[in-house]
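# Reading the structure
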Amino acid sequence: MAVREILLLGNPRLYEASEPVKEGDLKDLPPLVADLHDTLLDFRRKYGAGRAIAACQIGFAKRMIYMFIHDPVVFINPALDDLSSEMMEVWDDCMCFPDLLVTVRRHRNCTIRFKDLQWNDRAVTLTDDMSELLQHEYDHLDGILAVSRAIDGRSFALRSQSGFRCRVP
């Protein structure tokens, strides 16, 4: 459909909590999913990174995440539970601040429960980088950015200065 503008760090809309998707909204979602797909792939072409995007990152304040690694997955009204007590420290990056990396702590394992595009209940248990990824995207739905989860004041680096390279599927 269209590549949408990604809201950037400092935009007040990024700090707003998203509203739940209602079953009656399903008929309106295919164009949004297409826009999320196109925007994600455009970002990936430009930056060599990008595995998932929350709808609110393109200004659509609904609780929906689009992930495309090997196959597209749409998470509607996701909820995280079964968060492990074991934590991991990771360099987190974000489409909203593409040259900034932030060290954060994330749960090593979690379960994400959600509705799919047919309004069926789904659940997926996540570990390591997938757990981190979906926790990051879920935070967006609550208006929380990775910069708010920085471990300390020295937890920031510019990608261009850090030697960090993202991997793209």
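Structure's up top.
This one's a predicted model, so the numbers in the text were calculated from it and none came from an experiment.

This brings us to the pattern of salt bridges. One pass over the structure, following the stated rule, counts 18 salt bridges. In this structure, D42 engages K46 in a salt bridge whose closest nitrogen and oxygen atoms are separated by 3.1 Å. Linking D42 with K46, this pair stays in helix 1 (residues 29-47), spanning four residues, or about one helical turn. Of the residues examined, K46 reaches a relative accessible area of 59% and is grouped as exposed. The salt bridge involving R113 is made with D82; its shortest N-O contact spans 3.5 Å. Taken together, the residues R113 in strand 6 (residues 109-115) and D82 in the loop between strand 3 (72-81) and strand 4 (87-94) connect sequence positions 31 residues apart. Using a relative accessible area of 38% as the deciding quantity, one classes R113 as partly exposed. One salt-bridge network, in which partners are shared between bridges, spans D92, R106, D139 and R149.

This part takes up the side chain of R106. Within the secondary structure layout, R106 lies in strand 5 (residues 97-107). Here D92 takes part through its side chain, which lies 2.9 Å from a polar atom of the side chain of R106. Excluding its chain neighbours within four sequence positions, the residues that come into contact with R106 are E86, M87, M88, V90, D92, E132, Q135, H136, D139, A146 and R149.

Time to look at the sheet that holds strand 4. Taken in spatial order, the three strands line up as 4-5-8 in an open sheet, and their pairing is antiparallel. The open sheet terminates on both sides in strands that have one partner only, identified here as strand 4 and strand 8 (156-158). Shown here is a sheet whose adjacent strand axes are inclined to one another by a mean of 25 degrees, direction ignored. Pairing analysis gives three bridges linking strand 5 to strand 8, with the strands arranged antiparallel. From the neighbouring strand, L101 faces strand 8, where its bridge partner is A157. Most of the contacts of helix 2 (residues 128-141) go to strand 4, to which it runs at about 60 degrees, and overall it touches strand 4 and strand 5.

Our focus in this paragraph is unusual backbone geometry. One non-glycine residue, N77, lies in the positive phi region at around 50 degrees. Relative to the helices and strands, N77 is located in strand 3. Unlike most non-glycine residues, W119 shows phi in positive territory, near 70 degrees. Topologically, W119 is positioned in the loop between strand 6 and strand 7 (121-127). Judged by its relative accessible area of 18%, W119 falls in the buried class.

In terms of nonpolar packing, the biggest core is built from 32 residues, with L36, M64, Y66 and I76 touching the most fellow members. Elements represented by at least two residues in this core include exactly helix 1, strand 2 (64-68), strand 3, strand 4 and strand 5. In terms of residue count, helix 1 provides more of this core than any other element does, six residues in total. The contacts of Y66, once residues within four sequence positions are left out, are V33, L36, H37, L40, R51, A52, I53, P72, V73 and V74. Judged by nonpolar contacts, the second largest core, of 16 residues, contains A54, F75, C110 and L126.

Here the focus is the environment of H107. Within the fold, H107 resides in strand 5. Within the structure, H107 has its side chain in polar contact with the backbone oxygen of S84 (distance 2.7 Å).

Parameters and conventions
- Residues numbered from 1 in each chain as written.
- Predicted model: local features only at pLDDT ≥ 70, side-chain atom pairs only at ≥ 80, totals over all residues.
- Heavy atoms only, no water.
- Salt bridge = Lys/Arg side-chain N within 4 Å of Asp/Glu carboxyl O.
- Helix = DSSP H or I, 4+ residues; strand = E, 2+ residues; numbered from the N terminus.
- Buried < 20%, exposed > 50% of the residue type's maximum accessible area, 1.4 Å probe, protein only.
- Polar contact = N/O pair within 3.5 Å; in protein donor to acceptor, adjacent residues only side chain to side chain.
- Contact = heavy atoms within 4.5 Å.
- Pairing = 2+ DSSP bridges.
- Axes fitted to C-alpha atoms, helices over the stretch in contact; angles between N-to-C directions.
- Core = buried A, V, L, I, M, F, W, Y, C linked by side-chain atoms within 4.5 Å.

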